Each structure stands twice: as C-alpha cells, then as structure tokens.
Amino acid sequence: MTITNVAASDEAALWDGTTQGYIPSEPLSISPSLRLHQGVDVDVDPVSYEVVRSALANMNQEHADMLQRLSLSPVVMLARDFQASLLTENADLVSIGAGVVYFSNQNALTIKYILEHFEEDEIGPGDMFLASDPYIGSSHQSDVTVIAPIFVDGEIFGWVANSMHFSDIGGSVPGSQCVSATDVWQEPMLVPPVALVRNGKLCRDVEGLFVRQSRYPVMTKMDLRAAVGGATATREKVERLITKYGPDVVKNVMRRIVDSGERLFVERLRTIPDGRWSHRTYIEGAFPGDREIHAQQINITKRGDWLMVDNEGTARQLGGGNITFAGLSGIVLAAITQQMVPDLAGAYGGAYRRVAFNPTSGLMNCAEYPAGVSASGIRLAAVQCSVAGAVVSKMLACGDEIARSLPLGPCAPNLNSLIGAGLDPSGSPFLLVDANGLMGSLAGRPHRDGVDAGGQWWIPDAMAYNSEDLEAQSPVVVLARKMIESGFGGSGRYRAGVGYHETLMVHGVLGGEIINYQNESFTTGEGLFGGNPGGMAKCRIKRSTNARAQLAESRVPVTIDEVVGEEETLTHVGPPFAFGDGDIIHWISPAAPGYGDPLLREPTLVANDLENLLVDEPSAERVYGVVFDAGVVDSAATATRRLELRKERLGGREPGEPVTAPHSAERVGDLLHLVDGRWWCNGADLGPATANYKDGAIIRDTLVRHIAPEHEVSDTKMADRIRFREYLCPVTGLRIDADLIADDDAPLHDIMIDI
C-alpha cells in the first residue's frame with residue numbers, strides 16, 4: 001500500500017506515530033535482519049489461479065465468521081463491528097471481509113510499523129502482536145488489532161490480521177468513549193505493537209495487563225482470545241495452502257490479485273478528468289459545554305493515474321472527539337474503493353497504491369498527540385465517512401456515464417447509538433451498548449433511491465440487534481422500532497433511505513447513566529447536486545412516566561410523546577444523563593442525504609412512498625410539490641404547484657422551462673454541464689470552468705431550522721449558526737446544489753475541473 005506525505009517529504013521523519021500520526025516510509029525502511037519472502041515468478045495456470053484466489057478469499061471470510069462466533073461482545077457478535085485482513089509480506093492488502101472497511105488500513109499501517117521498528121529476533125514463526133494505538137494504526141483505542149506473521153523457510157511470507165471493537169478497555173467512562181476527555185491521559189491506554197503470542201504460546205502477562213484495564217474483564221478476555229483464535233486458525237489454513245501449491249504459486253496469486261486491482265482502479269481513474277473536489281460539513285460541540293461549531297473538510301485532487309488527499313479547511317483539534325491520520329486515511333480509502341471498485345470485493349491493495357495523502361497535522365481529522373481520540377468511533381468517524389463519501393461522489397459525477405453511475409453518496413454522519421452503564425437489582429454492573437445506529441440509511445444516488453434502514457456502506461455486513469438480543473444483554477424493554485416517514489430530510493430527485501426510531505423502557509435496574517448519545521441542533525448531512533440534507537439524530541428521556549400503567553392496560557407506547565412524564569432537555573454533546581427503572585428513552589437514527597432537486601422527483605415514486613406509508617399527502621406537497629386527490633397523483637395540480645414553488649424560489653419571477661444541453665456538453669452531477677469551457681445550466685452561463693459556478697447561480701439562504709418543521713429545535717442559538725444555502729438555476733429556479741454553511745464561512749469552491 002502506498003500512502004505518502006507528498007508535500008512534506010523533508011519532514012517525513014516527523015510522521016512517526018509519536019506526536020504526528022504514523023506514515024510509512026516509501027519504500028519501507030526495514031532492518032536487514034528481517035527477511036521477506038519475495039518469491040520468484042512462476043506460471044500459474046488459470047484453474048490453479050482461481051482455486052488459490054478463491055481459497056484465500058474464503059479463508060479470510062471464515063476468519064471474520066470465527067471472530068463473530070467466538071466473541072462475547074454484542075457489538076462484535078451482533079453488530080459485526082470488526083474486520084479480518086490478509087496481506088502480503090510488505091502489507092499490500094489481498095483481501096478483507098464485509099466488516100468495517102476502514103479497519104483494513106489500520107491493519108496495514110500497524111504491520112508496516114512493525115516492519116519498520118522490529119528486528120529479526122523480535123518477529124518469529126508462531127508470534128502474534130497486539131496493538132491499539134491510534135497514532136500508529138488504530139481508528140481509536142477501542143478498535144484493537146491482532147496481527148500474525150506467516151513464515152516460510154525463515155522468511156515473512158505474509159500477514160493475517162483482525163481488528164475488533166472492544167466494548168470496554170478502560171478510560172474515564174464505561175464503554176471507553178471518553179467524550180469529555182481533554183487529552184489521551186483521560187482515555188484508555190495506547191498500546192503500540194507488542195508481542196501477545198511468542199512461538200505459539202500466549203504471553204499471559206501482556207494479556208493480563210490488557211484485560212486488567214477493563215471494567216468487564218471476562219468479556220474483554222474472551223474477545224481477545226477470539227481474536228487470537230481467529231488469527232491462529234487462519235494462519236494455519238494459509239500455511240496448508242502454501243504446502244499444497246508451493247510458496248511461489250501462492251505468492252504470485254497474491255501479487256496478481258493486487259496488481260489486477262491496481263489496473264482496474266487506474267482504468268476507472270481514466271474515466272474522470274483531472275481536477276480537485278472538496279466537501280465540508282460542521283459539527284456542534286467538540287466536548288460537553290462547547291458552544292462552537294467546527295468545520296470538517298476533505299479534498300481530493302486527481303492528476304493522471306493518482307489521487308491525492310488533504311484535509312485543509314478542517315478546524316483545529318479540540319476536546320476528546322478528534323480522529324488521527326490512521327482513522328482519516330482508512331475512511332478515505334474506504335470511500336474511494338467502495339464507490340470506485342466495489343467489484344474487487346475487498347481486494348483493494350492495488351487501489352491503495354494509487355492514493356497519496358498530504359495531511360495537515362493538528363486538525364480535528366488528523367490530530368496530534370496528546371489529543372483525545374477515544375470518542376471518534378461514535379462521533380467523528382461517521383462524520384468523516386459522510387464527508388469522504390460525498391467528495392468521492394462529486395469526483396465521480398464529473399466522469400463518463402459509467403463513473404456517474406457509481407456514487408454511493410454520503411452516509412448519515414450521525415452514528416446515533418446509546419452507550420450507558422449502571423447497576424442491576426443485585427448491585428452488579430452492566431454495560432448498555434445499543435449500536436442500532438448501524439441500521440443506518442443509504443443516500444439517494446444518481447439513478448435510484450437509497451435503501452430504507454439500509455445499513456452503512458462503510459460496514460456492509462452490519463446489522464441491527466434483534467429486540468430480544470438487546471433485551472437479553474441490557475436492562476431495557478424495546479417498546480417500538482419504526483421507520484421514519486420521508487419528509488424534508490433526505491429527500492431529492494432520488495431520496496435517501498428512511499431512518500428509524502427506537503423507544504426503550506428501562507427495566508430492572510438500580511440506576512445508571514447514558515454516557516454517549518446525540519441530540520443535534522442542526523443537520524450535518526449535506527445532499528448532493530440539489531438533494532436535501534439528511535435528518536437529525538435525536539435523543540429524549542422522560543422520567544416518572546405512566547408507561548407501565550399503559551402496558552398493564554395492553555397499550556404499548558410507540559413514541560415518547562405517547563407517555564406522560566418529566567422530560568429532561570438534552571444538549572447535543574452533553575454530560576451523561578441518569579436513568580432509572582421505568583424511564584423512557586427515545587432516539588432517532590436519521591436519514592442520509594438526498595440526490596437532486598426534490599421538485600424533479602417522478603410523481604409515481606412519491607405515490608409509491610405514499611402507498612408504503614413512507615410519506616403523507618401534506619409532506620408530499622410540501623417537499624416534492626406532488627398533489628394527491630383521493631390518494632391518486634393529480635398531474636395538473638402537481639405541475640401548477642411545482643411551478644409555484646419554482647417561482648417562489650426566484651423571488652416571484654416567472655420561471656422558464658428546462659433546455660436540452662448541447663450535444664458537446666459534459667454533464668456534471670444532475671443539472672450542471674460544461675460547454676466550451678464554461679459552466680452551463682438550462683442555457684444560463686454560470687462563468688468559466690476555472691471559477692466557482694455557484695457565483696453565477698441565484699442564491700437563496702434560509703436558517704437551517706426554518707427549512708422544514710422537523711428541523712425546528714429548542715437550541716435556536718446553536719441552530720442559527722448554520723444556513724441552508726440553495727444555488728438555483730437562473731432560468732428554471734431548479735436547485736443545482738445546496739450547502740450547509742456557517743455564518744462566518746465563504747461558499748466552498750468544491751468542483752474544480754482542469755480545462
């Protein structure tokens with residue numbers, strides 16, 4: 001894998017994982033005492049190639065399945081928050097599974113760190129290494145990596161690795177997601193790569209040291225043993241394959257897998273013009289009590305057969321929710337590969353070779369030690385996934401027809417879930433991890449709607465807990481789960497999949513606290529090419545409720561508004577809130593953003609949503625301009641209503657009708673085109689291609705809480721820091737694009753195509 005700091009090669013030594021993140025040398029600086037298996041080129045017939053290739057992929061998938069079966073942690077066993085990887089001797093990725101895609105990079109980075117820092121007598125057959133240092137390779141401390149080298153005749157042939165989210169590994173709060181931390185010393189310990197197994201024998205002192213940090217040592221110990229067991233079994237399978245076919249054959253197959261992935265990636269790159277693309281969003285509050293908003297930005301530059309990534313435009317690191325270079329690079333690589341080469345099915349090492357990073361250290365998405373990073377898993381990681389997904393989608397939207405069909409779009413940036421802890425009636429501690437935010441929502445795409453509660457593209461294998469599973473491992477009763485209607489949030493020419501809400505009743509506790517939750521004041525998921533932004537993550541609690549009385553009368557409250565009680569007002573990033581027996585907690589996992597102007601949505605699609613109870617008639621007219629008469633689309637009334645809405649956008653001026661683009665026009669996104677080196681939309685000239693087309697559009701600003709009733713909030717001071725800015729076609733009044741923009745920020749020049 002090639003990840004280089006292309007702009008600061010003279011300072012490359014600073015990126016050593018000590019203060020700044022770890023960026024491997026290029027080429028790797030490896031001790032001469034370490035012998036790597038290079039092998040020799042041999043002819044591998046097509047049948048043998050396919051047998052070995054499939055065997056390697058299946059072994060890796062079986063590795064992932066074993067982790068799930070052996071783990072005691074619900075977030076691994078039920079939510080599938082893990083990854084398994086198979087890599088070459090120098091950590092080129094051969095295969096990953098369907099778990100957390102960006103974990104593959106944390107495995108590769110950690111292996112490269114080992115190769116650059118260990119010597120012959122420190123790596124041997126039968127060894128394994130444990131690591132959870134975000135400044136080296138992990139996304140955050142809870143994402144723990146176990147790595148096993150594969151030896152052939154005294155040479156390192158390759159590596160087997162896995163990463164799993166451990167439910168608790170210490171730190172200042174149960175669950176180890178320390179939002180209030182001001183630095184790493186208030187968080188779980190950092191574990192640089194350390195030997196966990198020597199010559200096949202578990203180092204019990206290292207295991208004991210690691211497990212001792214956890215509030216739930218039995219679960220933590222079993223998860224660590226699961227990781228060791230999965231890596232051991234998979235390494236043995238690879239060794240048997242090598243014995244059967246010979247090391248040179250297996251190594252040649254591995255290299256062909258990586259090389260062919262690189263060729264396909266380059267082919268896809270060549271369908272996209274050179275240029276630079278950017279995406280920005282904002283988060284509110286980096287820690288409890290923080291009343292500021294903070295920009296998050298990722299930029300991708302394409303030059304020939306290379307992509308270069310930077311994070312300029314992001315706010316300086318602050319509080320405990322930052323993410324390191326390891327997390328950022330893995331997320332960007334996941335966004336690139338999942339959208340550009342999904343047909344490689346996890347064989348992404350060749351694509352990684354063509355991506356270079358030029359990070360600015362000390363920003364929230366590339367933090368410097370000793371910034372707090374433990375809470376990034378529930379806070380900033382999902383935000384970066386959304387930003388990275390959007391910027392890659394913008395780049396693909398400038399390519400040919402095939403490239404324009406590939407975008408998955410931004411995910412929901414608010415991985416809303418609950419983490420809490422308390423005491424059961426016997427006084428024993430429990431951990432509540434409700435990770436059902438992974439049920440997610442897939443964004444609207446250029447040619448189709450997203451998937452309702454369709455998961456997250458960065459963890460394809462994720463799933464929600466069964467209600468019975470959640471009730472079995474936590475002191476709650478699941479009163480209801482229900483999909484959210486398709487209102488303003490996530491709508492577009494193609495809408496996002498709807499999110500869902502969950503209503504829980506606390507049952508059988510002495511008391512406890514919810515430590516991590518989200519209750520946003522403004523939406524952070526920005527739509528693409530005129531699509532509406534996504535919904536907002538919400539969390540509410542009512543105490544001293546009449547829920548039990550309703551249940552006694554065989555009435556089940558579906559939402560928190562159906563019970564009477566004392567409600568506490570929660571802030572977005574607030575301190576933990578207490579809960580007790582009988583309390584009701586209601587939380588929303590929102591929709592991802594939409595694609596294209598909602599006024600361009602086919603009325604038949606809106607009618608389908610109405611039939612499936614995903615939209616009501618008033619919302620259909622308000623959001624899409626689609627009018628129904630007795631449940632049937634009124635085409636004439638719809639045309640009139642949509643014309644009225646476009647006229648309103650143009651300040652009362654009568655809008656014109658869409659114009660067919662010239663034959664020579666190059667399409668960008670949904671409505672925008674390039675014609676003879678100039679931006680063009682329905683006959684309107686929006687300026688030269690070197691300029692920002694947004695400057696030539698009609699601009700309409702609305703406070704974000706005024707864009708729709710569902711975006712009204714109690715914290716108006718925070719919400720009113722963000723505006724919804726629409727860029728409208730001067731001819732038709734249709735929406736070319738829209739930004740979420742802070743009061744003190746300039747419009748983002750997000751598409752720059754080289755002419």
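Residues numbered from 1 in each chain as written. Predicted model: local features only at pLDDT ≥ 70, side-chain atom pairs only at ≥ 80, totals over all residues. Heavy atoms only, no water.

**Student:** Describe in detail the overall build of the protein, supporting the description with residues and values.
**Tutor:** For the protein, the count of helices and strands is 16 helices and 30 strands. In summary, the protein has a C-alpha radius of gyration of 26 Å against a globular reference of 27 Å for 755 residues, a match within 12%. Expressed along its principal axes, the backbone C-alpha trace of the protein runs to roughly 80 × 70 × 45 Å. Residues counted as buried form 64% of the 755 residues belonging to the protein. Nonlocal contacts in the protein, meaning residues at least 24 apart in sequence, comprise 72% of its contacts between residues at least 6 apart. Summed over all atoms, the accessible surface of the protein reaches about 26,100 Å², with 52% contributed by carbon and sulfur. Mean positive and mean negative side-chain charge positions of the protein (63 and 98 charges, respectively) differ by 2 Å. (Helix = DSSP H or I, 4+ residues; strand = E, 2+ residues; numbered from the N terminus. Rg over C-alpha atoms; globule rule 2.2 N^0.38 Å. Buried < 20%, exposed > 50% of the residue type's maximum accessible area, 1.4 Å probe, protein only. Contact = heavy atoms within 4.5 Å. Areas by Shrake-Rupley, 256 points an atom, 1.4 Å probe, with all protein chains shown as cover. Lys, Arg positive; Asp, Glu negative; His and termini not counted. Charge placed at Lys NZ, Arg CZ, Asp CG, Glu CD.)

**Student:** Quick one: what's the story with the nonpolar core, residue by residue and with numbers?
**Tutor:** If you look at the biggest cluster of nonpolar residues, it comprises 183 residues, and the most contacted ones within it are Met-340 and Trp-458. When neighbours within four sequence positions are excluded, Met-340 is seen to be in contact with Phe-265, Arg-268, Leu-269, Ile-272, Leu-307, Val-392, Met-395, Leu-396 and Leu-406. Counting 23 residues, the second largest nonpolar core, distinct from the first, contains Ile-293, Ile-707, Met-718 and Leu-740. (Core = buried A, V, L, I, M, F, W, Y, C linked by side-chain atoms within 4.5 Å.)

**Student:** Account for helix 4 (residues 204-212), with residues named and values stated.
**Tutor:** Buried residues of helix 4: Val-206, Glu-207, Phe-210 and Val-211, and no others. The arc that holds every buried residue of helix 4, seen down its axis, measures 125 degrees, which confines them to one face. Exposed and oriented more than 90 degrees from the buried face of helix 4 are Arg-204, Asp-205, Leu-209 and Arg-212. Residues of helix 4 that are buried make contact with strand 3 (128-131), strand 4 (143-152), strand 6 (194-198), strand 7 (201-202) and helix 5 (217-245). (Arc of directions from axis to C-beta.)

**Student:** I'd love a proper account of the sheet that holds strand 27 (residues 698-703), names of residues and values included.
**Tutor:** Spatial ordering of the open sheet is given by 27-28-29, a layout of three strands whose pairing is antiparallel. Looking at which strands have only one partner, the edges of the open sheet turn out to be strand 27 and strand 29 (735-742). Here the average twist between neighbouring strands, direction ignored, is 20 degrees. Pairing geometry for strand 28 (residues 722-728) and strand 29, over seven bridges, is antiparallel. In the strand pairing of strand 29, Ile-722 is matched with Ala-742. (Pairing = 2+ DSSP bridges. Axes fitted to C-alpha atoms, helices over the stretch in contact; angles between N-to-C directions.)

**Student:** Any details on the packing of aromatic side chains? Residues and values, ideally.
**Tutor:** According to the stated counting rule, one finds 15 aromatic pairs in the structure shown. For the ring pair Tyr-517 and Phe-577, a centre distance of 5.0 Å and an interplane angle of 65 degrees mean the geometry is edge-to-face. Residue Tyr-517 is located in the loop between strand 16 (511-516) and strand 17 (538-543), and its partner Phe-577 is located in strand 19 (residues 577-579); the two are separated by 60 residues in the primary sequence. Pair check on accessibility: Tyr-517 and Phe-577 agree, each one buried. Here the basic side chain of Lys-251 rests over the ring of Phe-157, its NZ or CZ set 4.1 Å away from the ring centre. We note Arg-256 situated over the ring of Tyr-49; from NZ or CZ to the ring centre the distance is 3.9 Å. (Phe/Tyr/Trp six-rings, centres within 6.5 Å; stacked < 30°, edge-to-face > 60°. Lys NZ or Arg CZ within 6 Å of the ring centre and 35° of its normal.)

**Student:** Just give me the short version of the sheet that holds strand 2 (residues 93-96), but keep the residues and values in it.
**Tutor:** Strand pairing in a sheet relies on backbone hydrogen bonds, with the paired strands running either antiparallel or parallel. The antiparallel open sheet is built from seven strands, whose spatial order is 2-1-5-4-3-6-7. Each edge of the open sheet carries a strand with a single partner, namely strand 2 and strand 7. Bridging between strand 4 and strand 5 (residues 155-165) involves 10 bridges; their strand directions are antiparallel. If you follow Ile-150 over to strand 5, its bridge partner there is Gly-158. Docked against the sheet, helix 1 (residues 46-70) engages strand 1 (82-88), strand 2 and strand 5, running at close to 150 degrees with respect to strand 1.

**Student:** Could you give me a rundown of a negative patch on the surface, with the residues and numbers involved?
**Tutor:** The grouping of Glu-119, Glu-120, Asp-121 and Glu-122 at the surface amounts to a negative patch. Examined against the element boundaries, Asp-121 turns out to sit in the loop between helix 3 (103-117) and strand 3. Classification of Asp-121 by relative accessible area gives exposed; the value is 68%. (Patch = residues over 30% accessible without salt bridge, like charges linked within 9 Å, V, L, I, M, F, W, Y side chains within 5 Å. Salt bridge = Lys/Arg side-chain N within 4 Å of Asp/Glu carboxyl O.)

**Student:** Tell me about the pairing of strand 20 (residues 584-589), residues and numbers included.
**Tutor:** A large share of strand 20 lies buried, amounting to five of its six residues. Of the pairings in the sheet, the one linking strand 15 (residues 500-506) to strand 20 comprises six bridges and is antiparallel in character. The residue of strand 20 that forms the bridge with His-501 is Ile-588. Here strand 17 runs beside strand 20; their pairing, made up of five bridges, is antiparallel. Bridged to Lys-542 within strand 20 is Ile-584.

**Student:** Could you give an account of the packing of helix 1 against helix 5, naming the residues involved and the relevant values?
**Tutor:** Here helix 1 crosses helix 5 at 165 degrees, and the two axes come no closer than 8 Å. Accordingly, the angle class assigned to the pair helix 1 and helix 5 is roughly antiparallel. Judged by the twist between their axes, the crossing of helix 1 over helix 5 is right-handed. Taking contact as the criterion, the partners of Val-51, Val-52, Ala-55, Leu-56, Met-59, Glu-62, His-63, Met-66, Leu-67 and Leu-70 in helix 1 are, on helix 5, Met-222, Ala-226, Ala-227, Gly-229, Gly-230, Ala-231, Ala-233, Thr-234, Lys-237, Val-238, Leu-241 and Tyr-245. Of the residues assigned to the contact of helix 1 with helix 5, the class counts are 16 nonpolar, four polar and two charged. (Parallel < 35°, antiparallel > 145°, perpendicular 65-115°, else oblique. Left-handed = near helix turned anticlockwise from the far one by under 90°. Nonpolar A, V, L, I, M, F, W, Y, C, P; charged D, E, K, R; others polar.)

**Student:** Just give me the short version of the environment of Ile-323, but keep the residues and values in it.
**Tutor:** Summarising the element assignment, Ile-323 is placed in the loop between strand 10 (306-310) and helix 7 (325-340). On the basis of relative accessible area, Ile-323 is assigned to the buried category, the value being 1%. Expressed as a C-alpha distance, the spacing of Ile-323 and His-586, which sit 263 residues apart in the sequence, is 28 Å. When neighbours within four sequence positions are excluded, Ile-323 is seen to be in contact with Ser-139, Leu-328, Ile-331, Met-364, Asn-365, Cys-366, Ala-367, Val-373, Ser-376, Leu-380, Ala-381 and Gln-384.

**Student:** Requested: an account of the pattern of salt bridges, with residues and values cited.
**Tutor:** Counted under the stated rule, the structure contains 53 salt bridges. The shortest N-O distance in the salt bridge between Glu-654 and Lys-647 comes to 3.5 Å. By relative accessible area, which is 49% here, Glu-654 ends up partly exposed. By relative accessible area, Lys-647 is classed as partly exposed at 33%. Here Arg-705 and Asp-720 are joined by a salt bridge, their closest N and O atoms 2.5 Å apart. On the criterion of sequence distance, the pair formed by Arg-705 in the loop between strand 27 and helix 16 (716-719) and Asp-720 in the loop between helix 16 and strand 28 is long-range, its members being 15 residues apart. By relative accessible area, Arg-705 is classed as buried at 15%. Its relative accessible area of 23% is what places Asp-720 among the partly exposed residues.

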